[in-house]
Every structure is written in structure tokens, then in C-alpha cells.
Amino acid sequence: MGLLSRIEASGDARLSRDVDPWSGAHWNSYAGIPSAAGVTVSANSVQTLSAVWAAVLILGSDIAGLGCHLLRRLHPRGKERADDHPLYSLLAYQPNAIQTAFELWEMLVGHLILRGNFYAQIFYDDAGEVEALVPLHPDRMRVELLPSGRIRYVHRLPNGGTEYLPQIGVWHVRARTEDGLHGLSLVQFGARSLGRAIAAEEYASRFYTHGAAPSFAAVHPGALGPEGLKNLRESINAYTAGARNAHGVLTLEEGIAIHKLGISPEDAQLIESSKFGIAEVARWTRIPLHKLAEGEKAAAYASVEANNQDYATSALAGLCVRIEHTIRRDLIIDQAQYFAKFNLGSFMRGDSAARGAFHTQMYALGAASTNDILELEDRNPIGPEGDQRFRSANLIPLDAPVGVVVPRDTSAPGRPPVGIVGVIEEAAARVVRKEIAAIGKEAPRFAADAVGFDGFVRAFYVDHVALVAGSLRLSVAAASAWCEARAEAVLEPGGLREFEAGERAAVARLVGVVMTEAGVPAWGAQ
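The shown structure was predicted, so the numbers you read here are calculated from the model rather than taken from an experiment.

Participant: Report on the overall build of the protein chain, specifying residues and quantitative values.
Facilitator: When helices and strands are tallied, the protein chain shows 17 helices and 13 strands. Across the 526 residues that make up the protein chain, the buried fraction comes to 39%. When contacts within the protein chain are restricted to residue pairs at least 6 apart in sequence, those whose partners lie at least 24 apart make up 62%.

Shown next as C-alpha cells:
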């Protein structure tokens, strides 16, 4: 029988789903759920597992560190912090006379994970605005659905009495729910696997209580009576029990011999069972294993960053939205103007290079404007001019006609803006260099074959028309005329030498062709 089987066989076989968390035992804040491993699992006992403690601490501190702010909508778009609203300081700094906002968010996440629900009593001022949020322990709360369809909360007071709170008086955050009233807790449905992890920890503690010593047998040459067996057992236990007694000296009498039996395979599974427990906690809480300090090999930086992104989107984002929606429902009166939001973008800053590249591509394609990008980065727009989108090639407005558009510069009639000329010159230079490289590479093959060279040049420029038209946004007719002229120039006597040496002049002529077709004849005539 393996270690985990031995642990489970020693306990009660009842499963956590057979226990009604809303029965009378619910009122006992220390009550737990029996597990098949023979241990009682409660919100307090599971926190003795280092993985559970770390998971709750990580999620709680990360949510608290994001910061939740009350925002005011701006029209037609944008938002601003509503720091003049009474609720703003409660969410961002201090929700009540005792706690800070960081402490409240940590408590909220802890209650939500371990108990499935977070409750806070809402106190209002004379103007009807929220002035304090005081947490109530989930183990002392019961939710009742009234015939009217409204909810009533029953709160058991520390003195044993009860008080009834209306729905408007309680801020309630639920975990995943099946009835719309009660959130499902990690303890309630994870009792089997978590109980097994707790039992494994207890088993390991007992193992090390005996100094992690291997089992052995003491063989006496004669027969011992009950008193002798008792004395021998006490003597050996005193030698083996506890880490302090390890490596001591054991004195044996009357020819007693010790035979070492070795560590059992079941005991050797202790380390593996510990890893299993950590993986189970990670699975229940959706936290990457590396955040729980588990991993036989250190993860590479790239994989850790990818895991952090996955953690932010799969674990934090959903939790943030869950809380934001309950704030809107329970705490905000003017829901059309105000809303609460966690700054999850601050957690995603580690991948700023990838975001920057994505924004650049979207902007160059005309798929996003400056204001669109600012909104994705949780920043305000720059104004109406930020809504304009541009094409990628020459950064011209999307509604401009197809082709090369060259707005005239009124300060220098007949000449386009310098920036546009530079873009066209670069494109023309690439086209001309490609011509020179292609023909210069093949010319030696036709040194003694003028007819073959003539056929090659003319075929090259037929194929070259598409590149000229596409690179410079020329019409096919204009690109064909350019290619025909270039072919004739190469095939003239001595033309190849002038062709290879005349790159700069060819670029200037090609730019003139582009400008002329774009409607700047003065430039083309130069």
C-alpha cells in the first residue's frame, strides 16, 4: 500500500460535497469538513500548508498592490479619478477607522478564496453617501432570500445574538456560485486533496519525530518477558525518537543484535507527496507553480515573464472584474457617471516592448489612432486630433485618394514638403539599385552574345514593371514607360557602362516621374 493510500485508508471516507456548509454547524467558526484522509479541513487548518498560505498571500498582496480607484466618466470619451467623491478615499486609502485599504483588499481575497464570500457592512452619512466599510466574518454570516426577491443577511454577533441586515447595508463579494446567493469556497470543494496534503504533512512530522531513522529489528537470543520487552522498547525509542537523539550511542546487553530493515518505499514518497500538494494548491488557486517556489529547475526569464502574463490574465483579471462589479452594484449610486477599476495595467508593464510593437503596427496599418492607443494604455486622449488615422506608407490620412498624394507647400510653390520627397527618393533609390544589381550580375554571361543580352534585358524590365508601380505607387503605364526607356538606354552602345555609373541621375529622373504623375509638373521638369 502506497503512502497516499495509507493516509486515506486511515480516515473517514466522507467527501466534502456531502457536508452542507449552510447547516447549523456553519455557525461554528472553527468547524471544518471531514476529508477522506482522516483530517478535518477548515479555512484555518489549510493555511498550515505553506503552499496555501503563500497562494492567499500572493493573490491578496497583488490585488491590494494594484490599487482600486473610483473613476468618473468624461464625455465623449475618457475618464478621470473622482478623488472628490467620498467613496474614493475608502477604496484607495482607508475604508474604516481601523484598516488601511491594503489590509482590506488582503482580507477580501483571503475570505473569498478560503470561505467563498466576503462581507462588509456599509455605513452611510446623512447625505446618503458611503462613509465606512466594516468587514464581517463570513463564518458568522448567513444569506436568506426573501419572498420579495430581495436578500437579507443574518449576522451572528460575538455575544451570541443575531442582527438582520438589509441588502443595501452589506457589500457582498461572492466566489463562483451555483445558486446566486452563496459563493463556493476552496475548503468546501477541495477538502479531499487538501486534506490529503495536510495528512501527508502530519505523517512527515511523525516520521521526523523519530529522527527519520530507518526501521530495524532487535533480536534477543532468549525469550523476554513483558517487563523485559517494555524496557527494551523504551531504551531503543529513547535512542531513536527525535532529531536531537540522532547519531547517539545505543548500549545493548545480553547478546541483543540489531538488524536494519531500511526506509520503506512509502516513507521515501514523502518528498513526492509534498510536490503533489503544492501542485494541487496551484491548480485550485490558478497560480503558476513558480510563484509558489516550486520547480526542480529554475525557470528562464522569458518563461517566467510569460507565466506572469498568464497569471495576470487568468487569475488576477477575473478576480478584479468580480470585485469591480460588486462595487458598482453595492456601493455606487450614480452608476452612469462613476465606476471602480483596478489598475491591472501596472502589473502588465513587464511586457511593454511587445505592447509598444503591437501599437506601432496597429497605428501604421491605420487600425488604431493615437487616442485608441492611449485608451488601451489607460491614459486620457489628447483631443479630437488624436482620433485621426493614417496610412502606413507615407502617413497620409485614410480618406485621401489612392496613389501618391503630395500636398503643395505654399511657402515654396511647385515643391512638395521635404519629408515626402525623402520618402520617395528612398523608394526610387531601392528600385534603381535593384536594376543595376540584377543586370550587372548577368552581363558577364552575355559578353559574347549580344542577342541573348538583348533578350535578357527586355524580359527583366517586363517583369520589373510591377515592382516599379508597387514601390512608387505609379500607374502601370508610367512604370512601363520608365522600364522601356531604361532598357533602351542599357542596350545602346556603351550604355551598360553609363547605366552602372549613373545611379544618382537615374534616381532623380525616377523621382521626377513620380512627382509629375502626382501633379507637381514643376518638379518633374527640373
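Participant: Now, about the sheet that holds strand 8 (residues 151–156): what can you tell me, with residues and values included?
Facilitator: Across a sheet, paired strands are connected by hydrogen bonds in the backbone, their directions being either parallel or antiparallel. Strand order in the open sheet made by the three strands is 7-8-9, with antiparallel pairing throughout. With one partner strand each, in any of the chains shown, strand 7 (141–145) and strand 9 (162–166) form the two edges of the open sheet. Adjacent strand axes in the sheet meet at a mean angle of 25° when their direction is disregarded. As judged from the five bridges shared by strand 7 and strand 8, these two strands associate in the antiparallel manner. Across the sheet, Val143 pairs through a bridge with Tyr153, a residue of strand 8.

Participant: How would you summarise helix 13 (residues 450–472) if you had to cite specific residues and measurements?
Facilitator: Spanning 23 residues, helix 13 covers 32 Å between terminal C-alpha atoms, matching the ideal 33 Å at 1.5 Å per step. Along its length, helix 13 shows its largest kink, about 35°, at His464. What helix 13 keeps buried is the set Phe453, Val457, Phe460, Tyr461, His464, Val465, Val468, Ala469 and Leu472.

Participant: Explain the pairing of strand 6 (residues 130–136) to me, and be specific about the residues and the numbers.
Facilitator: Look at any regular strand and the pattern is simple: side chains alternate between the two faces of the sheet. Taking burial as the measure, the seven residues of strand 6 include five buried ones, the bulk of the element. The sheet contact formed by strand 5 (residues 117–124) and strand 6 spans six bridges and is antiparallel. Following the sheet pairing, Tyr119 is matched in strand 6 by Leu136. Counting the residues that bridge the hairpin from strand 5 to strand 6 gives five residues, and of these Gly128 lies at a positive phi of roughly 85°.

Participant: Can you break down the confidence of the model for the protein chain residue by residue, with the values?
Facilitator: Confidence along the protein chain averages 76 in pLDDT terms, with 67% of residues attaining 70 or more. Predicted confidence for residues 401–412 stays below pLDDT 50, and this span has 25 contacts to residues more than four positions away or in other chains. A low-confidence stretch, residues 521–526 (pLDDT under 50), is modelled with twelve contacts involving residues beyond four sequence positions or located in other chains.

Scoring rules and cut-offs
Residues numbered from 1 in each chain as written. Predicted model: local features only at pLDDT ≥ 70, side-chain atom pairs only at ≥ 80, totals over all residues. Heavy atoms only, no water. Helix = DSSP H or I, 4+ residues; strand = E, 2+ residues; numbered from the N terminus. Buried < 20%, exposed > 50% of the residue type's maximum accessible area, 1.4 Å probe, protein only. Contact = heavy atoms within 4.5 Å. Pairing = 2+ DSSP bridges. Axes fitted to C-alpha atoms, helices over the stretch in contact; angles between N-to-C directions. Expected span 1.5 Å × (residues − 1). Bend = angle between axes of the 7 residues up to and from the residue. pLDDT = per-residue confidence, 0-100.

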